[in-house]
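Chain by chain, the residues run as shown.
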Amino acid sequence: MWRVSPRPRHPVEEPDGVWLTSEGPVALEYDAGAYARARVRAKGEAFALRFVGQVWGAPSRSGWPT
């Protein structure tokens, strides 16, 4: 089970979505390459305080694996 926020930009401490696992909530975040390194670090640190884990997604230059 999971939930997602429809807002286009979130506060640092709010992930794009939350995966509700049996171990507790896991932060879900997608970065399309626009986040500055400092924002990625701040979000990761904020998530570590509130969630049991984090899953990050980002596009790759090669596209989908074949």
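If you're wondering where the values come from, they're calculated on a predicted model, not measured in any experiment.

Peer 1: Help me understand the pairing of strand S2 (residues 17-21) in this model?
Peer 2: As defined by bridge partners, S2 adjoins strand S3 (residues 24-30) across five bridges and the pair is classed as antiparallel. The residue of S3 that forms the bridge with valine 18 is alanine 27. Between S2 and S3, which pair antiparallel and follow one another directly, the connecting turn spans two residues.

Peer 1: I keep staring at the packing of aromatic side chains and nothing clicks. Help me out?
Peer 2: Aromatic rings considered in pairs are described by the distance between their centres and by the relative angle of their planes. Inspection of the entire model under this criterion finds two aromatic pairs. Ring plane angle 90 degrees and centroid distance 6.0 Å describe the contact between phenylalanine 47 and phenylalanine 51, whose orientation is recorded as edge-to-face. Given the relative accessible area of 1%, phenylalanine 47 is considered buried. Considering the side-chain rings of phenylalanine 47 and tryptophan 56, the 6.0 Å spacing of their centres and the 40 degrees angle between planes classify their relative orientation as tilted. Joined through ring pairs, the aromatic side chains of Phe47, Phe51 and Trp56 make up one cluster. Above the plane of the ring of tyrosine 35 lies arginine 39, whose end atom (NZ or CZ) is 5.5 Å from the centre.

Parameters at a glance
Residues numbered from 1 in each chain as written. Predicted model: local features only at pLDDT ≥ 70, side-chain atom pairs only at ≥ 80, totals over all residues. Heavy atoms only, no water. Pairing = 2+ DSSP bridges. Helix = DSSP H or I, 4+ residues; strand = E, 2+ residues; numbered from the N terminus. Phe/Tyr/Trp six-rings, centres within 6.5 Å; stacked < 30°, edge-to-face > 60°. Buried < 20%, exposed > 50% of the residue type's maximum accessible area, 1.4 Å probe, protein only. Lys NZ or Arg CZ within 6 Å of the ring centre and 35° of its normal.

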